[in-house]
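Understanding the architecture of this molecule
Read off the chains here:
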Amino acid sequence: MLGRFEYARPKTVDEACRLLAEAGRDAAILSGGTDLLVDLRNGSRSPLLLVDVKRLEELQALRTGPDEAVIGAAVPLNVVVEHRELRKAYAGLSDAALSIATYQLRNRATVAGNLCNASPAADMAPILLVLDAKLTVQSPQGTRAVRVAKLFTGVKRTCLAPGDVVVDVRMPPLDGELRTAFRKQQRIRGHDLAVVNAAAAYAPSRATLRVAVGSCAPTPVLLEPFDTKGTSPEALAAEVLRAAAAATAPIDDVRASAAYRRAVLPALLRRLLADVVSARRAV
Amino acid sequence: MTRALVYVGKSVPRDDAVEKVTGSARYTHDLAFPGMLHAALVTSPHASARIVRVDVADAAALPGVRAVLAGANLDVRLGLYMRDKRILARDVVRYQGEPVVAVAADTLDIARDACRRVRVEYEPTAAVFDPRDAMKSGAPLVHPDLGSYAHLEGVFFPRPNTNIAHHQKIRKGDFDAAIASAEVLLEARFDNPPVQHVPMETHASIAQALPDGRVEIWTSSQSPYTVRHLMSVAFGLPHAAIRVHVPYVGGGFGGKAGLNLEPLVYVLSKAAGGRPVKFVATREQEFNTLPSRQGLHSTIKIGATRAGKIVALKATYVWDAGAYADYGVNVGRAAAYSGAGPYAVPNCWIDSFVVYTNKVYGTAYRGFGHLEVLWGIERAIDQTARKLGLDPAEFRRRNLLTLGDATITGETFTAGHGKPVECLDAVAKAIDWGTPSSSPASSTKRRGKGIAMLHKAPAMPTSTSCSAIIKLDEDGAADILVSGVDYGQGTYTVLRQIAAEELRVPIDAVHINSDCDTAFTPYDWQTVASRFSYMGGHAVIEAAADCLRQIRAVAAQIFGVAPEKIVCENASAYPDGEPKRAIPYRLLALGYVYPNGNAIGGPVIGHGRFIAHGLTHLDPDTGQGRPAQFWTYGAHGVELEVDAETGEIEILRIATAVDAGKVLNAGLARGQVIGGVVQGIGSALWEGFRFDKEGRLKNPSFVDYKIPTAKDLPREMVPILLENPQPDGPYGARGVAEHPMISVPSAIGNALYDALGIEFTSLPLSPEHVLARLAEKGVKP
Amino acid sequence: MVDIELRVNGQAERASVPAGMTLLEFLRDRLALTGAKEGCGIGECGACTVLLDGRPVTACLVLAVEADGLDVRTIEGEATDGELSALQRAFVDAGAVQCGFCTPGMIMSARALLLRSPHPTDEEIVEAIAGNLCRCTGYEAILAAIRAASEEGGKL
């Protein structure tokens, strides 16, 4: 048994928001449950109410189109991974989703859940940062958009408040070609949390490159955009590495030492850039 | 005349597979009984502390709680070779994770709630975490009472008032003189961290204390009779008062040998008025509370001639026993008598110290210390070869044990030992040794090849024995009863093959009990040390012969010929040369009935037994003697690729040769090799306990203790089983179960040197470790 | 307590369960379907894998109440009328079983794979079972068994 709590499965987002707002810090949103249920088991969280949002109609969207791409907050990662159009448009997003945990867990875990858990190592964070994705957040006060770039406020902390329900994650419209990629360094090939992860989005027509790095600071870090016009791949790589080193502050933990993270980050970034800039996957 | 074998050697599918693929196989985890209580533990947050006060009042008051016990209630010491362990910590705690208080309650949730209400006051005391520090004078004593502990006398030599639980000496020849004469010298140090067995079924036990003083136990164990015996010793109960059932066991690898949770659930059941009590370790407890594999620090010195012959070898092995050494002392002993590798070493000096520290304790783990000592030896052999300018395979060929050589304990190497050099040659050929690796696809990668030898003998008491019973059924089929445990190896299938072969019945007509029950299945010491097929095989052969003797006696009477003129074939008996007159076993199995109703004979029940023979204790001062019933030799060849930018290693191919003597079941033997190799890769590349400064285990879960998954396999695995017969083995067989795991890290380490030119001395060879050494050496990708 | 209704191996089940009860506890303790095993309790080992509406999940990380109205398939539903499925037969024949504790979860992961991809590539097979830890076999025989079963993909 994972503790004593009440369980509610509201029929609408409004109802979910109300339940969550009423219960405040005593409630938790149950979506995929792959982080929450582990926390319940080890006692690190003990909410009195779980609000199951998994079946809410509004959270099931999954579409790509000329205007935007939408991933409902309750869509399991495997469904995201298996979505062909999404992969065509955002290969890095599909790869990031695929890198998470195991096939079984990806049938439960969601993109929104991975973000809201706010682990510094969250695999969905770097790619959604470089895509400048936004969360649609509904609360008793109404609906608002929250940029992923504004979401993380600390280790396991977000700007979301009790009563907030993430409805979906939206990627801005594709304006010309966009090449995206995700890379993750782990201890073993089997399922693992990221020692370091990173994502890149490169828009050749606008000569813009965006890069984000995870697991190297209290929150995932989005680097300032890079202007690639007239820059050689080598010079660009050097610039990205410099910026990444300056913007991150890895720590020692059981997964890796700060030194290893610092040592492996340049290789990871170089490979990531090769993925998007040369459009040819490196090793 | 020898008959062609019908079943032995064939890939007969395992007999329990259908139960296991349908989910109907019952493990201790799955068992429940009416009125059964569930147990939970309060464990120590400190690595070393005095227990000042234990307050269980709030816990005991919780509705549904039926028993709460602390160490103060239990004045019992437990252990197989060294009685140094408590059921629950008493007065002091010696490692973080040690059980302090146990609760039995109506449900697991209540038991866990109750545990949260237990208040224990500790006074932290000085701890020692590195066994080398623990050997220094003035080190905190983990067991101040060591001098008073009962232990196996004449075999183990604890040093009172130190942390040394056992000191094993091996002395052969004149090391000092020989090393002085050596033309080439090598000295090196190596380290292994403690690791976990990680059986998929964690430890689980159920006990019921019966009103008449008897106790019934169901347990996930490798050792039904050893559990019974040690329970008897611990609680002063007659053996017959203790009944131990072992249903299916979800993996053991040594971690479920000896005595584990059985005493705990027994005392809880007693305290709870005799209701059955079940305890299942959580995965975190499996890592943090239950035993692991000891760490090791090795110092090795090798002296050789310019011609490439080893003249002297000295090794100091310091084992990190953790807080208890009840089993670990024997690891330190066994690994010492194997501690020079499978080489002819004329002058040898080995000190093996099993040393207490304030960490989770060690026990047997597949390979029993040999993976650890051979990590050092086989890396040192490679280094010595390079100093000599010799190919490491060639250097090994010049020094491997051959006919007439003496081992370091003075045993003569004979043809019956098998052929280590054939193992070496087989793996060398399989990895194209001598041919450089092809170029990797990426410029940041490096490739290399490495070879390592392995050897091991069963580590067991000199009088280890086992037995088997075969009963014939009404339909003439045979039932085998044994108390060795098949916790995955497939030995039961092998025993069925042997019985079918010997009894001359179809394999489908041979059955074996999948549950051991000390009330009904006959004695077996315990299922460890790769000796079950060897010893159990002998016992089954003898039991089958006993059945045939009984069948022949009845048939002889029926046919009016001498018993030795009776032929048993096709599940029937007939006079030699007259197969048409055959009487099927089913008409003899319970006794033969003549047409007039007269009956002769009676139920056919055969029994067989086997006892280790010719073994001696090792001389306390020199280690000379005969410790081994048989030796199994083998080798690995590895080709790998390492990413110089990330430190990741990929095994391109690994060839493993083991001299099995005789392969009894090709499919099962292959399964042991592949499974062992992958487990060895786990030890080589990823696995190892990490402790913080206070001695707390930092990675007690699958989140941070990684074992190989299906994504982590080598690109190619090549098992090679040689068949140079063991003269006293069943059909010439010797044990092969542990061996494939041994020396996998060594071969990988040697290949890594070949790839990078860096000597790795400690495990695991994780990406982080590899990259750190590359950085230290200034190697640029 | 929460009232739930679900189908388990084709059988309708109705129960009242505490919200904190996992699907694994429900299957094992309430329905006595002990084929799914608890190997870690945190979704890392796959020993408790069952199919939820045809998709494999670790039942230790699903609440029983979350299965309300859904279809659950466990190892106990794999054989029909006492006949092993082709997949189970392949596990037996390939020597893919040793201690057997991981086997039910492993087969359920493989079953789900063959449902969505009757003729999977090796890469797909590895991805499908990488979340099922096995300490005995070294996986080789398991991969061979799934490959063999997939060759008979038509007759699941």
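Reading guide: rules and limits
- Residues numbered from 1 in each chain as written.
- Chains lettered and ligands numbered in written order.
- Predicted model: local features only at pLDDT ≥ 70, side-chain atom pairs only at ≥ 80, totals over all residues.
- Helix = DSSP H or I, 4+ residues; strand = E, 2+ residues; numbered from the N terminus.
- Rg over C-alpha atoms; globule rule 2.2 N^0.38 Å.
- Buried ≥ 20, exposed ≤ 12 C-beta atoms within 10 Å, placed from the backbone.
- Contact = placed C-beta atoms within 7 Å.
- Nonpolar A, V, L, I, M, F, W, Y, C, P; charged D, E, K, R; others polar.
- Pairing = 2+ DSSP bridges.
- Axes fitted to C-alpha atoms, helices over the stretch in contact; angles between N-to-C directions.
- Expected span 1.5 Å × (residues − 1).
- Bend = angle between axes of the 7 residues up to and from the residue.
- Core = buried A, V, L, I, M, F, W, Y, C linked by C-beta atoms within 7 Å.
- Parallel < 35°, antiparallel > 145°, perpendicular 65-115°, else oblique.
- Left-handed = near helix turned anticlockwise from the far one by under 90°.
- pLDDT = per-residue confidence, 0-100.

The next point concerns the overall build of chain C. In terms of helices and strands, chain C carries five helices and five strands. Secondary structure of chain C in N-to-C order comes out as β-β-α-β-β-β-α-α-α-α. Over its C-alpha trace chain C gives a radius of gyration of 15 Å, about what one expects of a compact globule, namely 15 Å for 156 residues. Principal-axis analysis of the C-alpha atoms gives chain C an extent of 45 × 30 × 25 Å. Each of the 156 residues in chain C was classed as buried or not, and the buried ones make up 65%. Once local pairs closer than 6 in sequence are excluded, the contacts in chain C between residues at least 24 apart make up 61%.

This part is about the overall build of chain B. Assigned secondary structure in chain B consists of 17 helices and 29 strands. For chain B, whose C-alpha radius of gyration is 27 Å, the value lies close to the compact-globule estimate of 28 Å for 781 residues. Taking the principal axes of the C-alpha coordinates as reference, chain B spans close to 95 × 70 × 50 Å. Across the 781 residues of chain B, 62% fall into the buried class. Sequence-distant contacts, at least 24 apart, represent 79% of the contacts inside chain B between residues at least 6 apart.

Contact residues are listed per partner, giving 41 residues for chain C and 42 residues for chain B. At the level of elements, α2 (86–93), α3 (103–116), α4 (122–129) and α5 (140–151) of chain C are the ones that each hand at least two residues to the side of chain C that touches chain B. Sort the elements by how many residues they give to the side of chain C that touches chain B and α2(C) lands first, with four residues. Residue composition of the side of chain C that touches chain B, grouped by class: 23 nonpolar, eleven polar and seven charged.

All names here are of chain B. In terms of residue burial, strand β7 (residues 164–172) counts as a mostly covered element, since seven of its nine residues are buried. Of the strand pairs in this sheet, β7 and strand β15 (residues 347–356) are connected by eight bridges, and their pairing is antiparallel. Opposite His167, over in β15, you have Phe353 as the bridge partner.

Attention shifts here to the pairing of strand β2 (residues 11–17) of chain C. With seven bridges connecting them, strand β1 (residues 2–8) of chain C and β2(C) associate as antiparallel partners. In the strand pairing of β2(C), C:Arg7 is matched with C:Ala12.

Often the size quoted for an interface is simply the accessible area lost on bringing the parts together. The interface of chain B with chain A comprises 20 residues on the first partner and 17 residues on the second. Here the side of chain B that touches chain A takes four residues from helix α17 (residues 767–776) of chain B, the largest share from any one element.

Residue and element names in this part refer to chain A. Ordered by their spatial adjacency, five strands build an open sheet running β4-β5-β10-β6-β7, and the pairing between neighbours is antiparallel. The strands lining the two open edges of the sheet, one partner per strand, are β4 (62–63) and β7 (142–147). Across the sheet, helix α1 (residues 13–23) is in contact with β6 (134–139) and β10 (165–171); its angle to β10 comes to roughly 125 degrees.

Turning next to helix α11 (residues 258–277) of chain A. Residue and element names in this part refer to chain A. When the terminal C-alpha atoms of α11 are compared, their 28 Å separation across 20 residues agrees well with the 28 Å that a helix rising 1.5 Å per residue should span. Along α11, the sharpest change in direction is near 30 degrees and occurs at Val264; proline Pro266 comes one to four residues later. Counting buried residues along α11, 15 of its 20 residues qualify, which places the element largely inside the surrounding structure.

To continue, consider the nonpolar core. Formed by 427 residues in total, the largest nonpolar core has its most connected members in A:Ala200, B:Val101, B:Val103 and B:Val427. Sequence-distant contacts of B:Val101, defined by excluding residues within four places in its chain, comprise B:Val42, B:Val54, B:Val56, B:Val68, B:Leu69, B:Ala70, B:Leu88, B:Cys115, B:Val118 and B:Val120.

Residues and elements named next belong to chain B. Contact pair helix α11 (residues 392–399) / helix α12 (residues 420–430): the axes reach a minimum separation of 10 Å and the direction vectors enclose 165 degrees. With respect to α12, the element α11 is oriented roughly antiparallel. Of the two possible hands of crossing, α11 and α12 adopt the one that is left-handed. Between α11 and α12, the contacting residues are Ala393, Arg396 and Arg397 on the first element and Val421, Leu424 and Ala428 on the second. Taken together, the residues of the contact of α11 with α12 sort by class into four nonpolar, no polar and two charged.

A word on the sheet that holds strand β28 (residues 649–659) of chain B. All names here are of chain B. Here we have four strands laid out as an open sheet, ordered β16-β27-β28-β29, and mixed in their pairing. Since the sheet does not close on itself, it has two edges, and those belong to β16 (445–456) and β29 (716–722), each with one partner. On average, each strand axis in the sheet is tilted by 10 degrees relative to the strand beside it, whichever way the strands run. One ladder, built from seven bridges, connects β28 with β29; its direction is parallel. The residue bridging Ala657 from the neighbouring strand is Ile720, located in β29. Along the sheet, α12 contacts β16, β27 (632–643), β28 and β29; its crossing angle with β27, the most-contacted strand, is approximately 25 degrees.

Time to look at the environment of C:Thr58. Secondary-structure assignment places C:Thr58 in strand β4 (residues 55–58). Sequence-wise, C:Thr58 and C:Met108 are 50 residues apart; in three dimensions their C-alpha atoms are separated by 10 Å. Sequence-distant contacts of C:Thr58, defined by excluding residues within four places in its chain, comprise A:Gln104, A:Leu105, C:Gly43, C:Gly46, C:Cys48 and C:Thr49.

Residues and elements named next belong to chain A. You can see Asn117 is positioned in the loop between α7 (111–116) and α8 (124–130). Overall, the presence of 20 C-beta atoms within 10 Å leaves Asn117 in the buried class. Separated by ten residues in sequence, Asn117 and Ile127 place their C-alpha atoms 16 Å apart. In contact with Asn117, other than residues within four places in its own chain, are Asp35 and Ala122.

All right, on to the environment of B:Arg670 then. Along the chain, the position of B:Arg670 falls in helix α15 (residues 666–685). Between the C-alpha atoms of B:Arg670 and B:Val718, which are 48 residues apart in sequence, the distance is 9.4 Å.

What follows covers the confidence of the model for chain C. In this model, chain C carries a mean pLDDT of 96, and residues with pLDDT of at least 70 account for 97%. This prediction of the complex comes with two scores: 0.98 for pTM and 0.98 for ipTM.

Moving on, we get to unusual backbone geometry. Residues and elements named next belong to chain B. Residues Leu763 and Pro764 are joined by a peptide bond in cis, for which omega reads -5 degrees. Along the chain, Pro764 turns up in the loop between α16 (744–756) and α17. In this structure, Ser530 takes a positive phi of about 55 degrees despite not being glycine. By the secondary structure assignment, Ser530 is in the loop between β20 (516–517) and α14 (532–559).

So, on to helix α6 (residues 224–235) of chain B. Residues and elements named next belong to chain B. With twelve residues, α6 ought to run about 16 Å at 1.5 Å a step, and its terminal C-alpha atoms sit 16 Å apart, in line with that. Within the sequence span of α6, burial applies to Pro224, Tyr225, Thr226, Val227, Arg228, His229, Leu230, Met231 and Ala234. In this fold, the buried residues of α6 make contact with β10 (215–219), β11 (242–246), α7 (262–271) and β20.

A word on the packing of helix α10 (residues 233–247) of chain A against α11(A). For any two helices packed against each other, the geometry is given by the interaxial angle and the distance between the axes. Residues and elements named next belong to chain A. The N-to-C vectors of α10 and α11 enclose an angle of 135 degrees; their axes lie 10 Å apart at closest approach. Taken together, the axes of α10 and α11 lie oblique to each other. Considering only the axes of α10 and α11, their crossing is right-handed. Facing Pro233, Leu236, Ala237, Val240, Leu241 and Ala244 of α10, the residues of α11 in contact are Leu265, Pro266, Leu269, Arg270, Leu273 and Val277.

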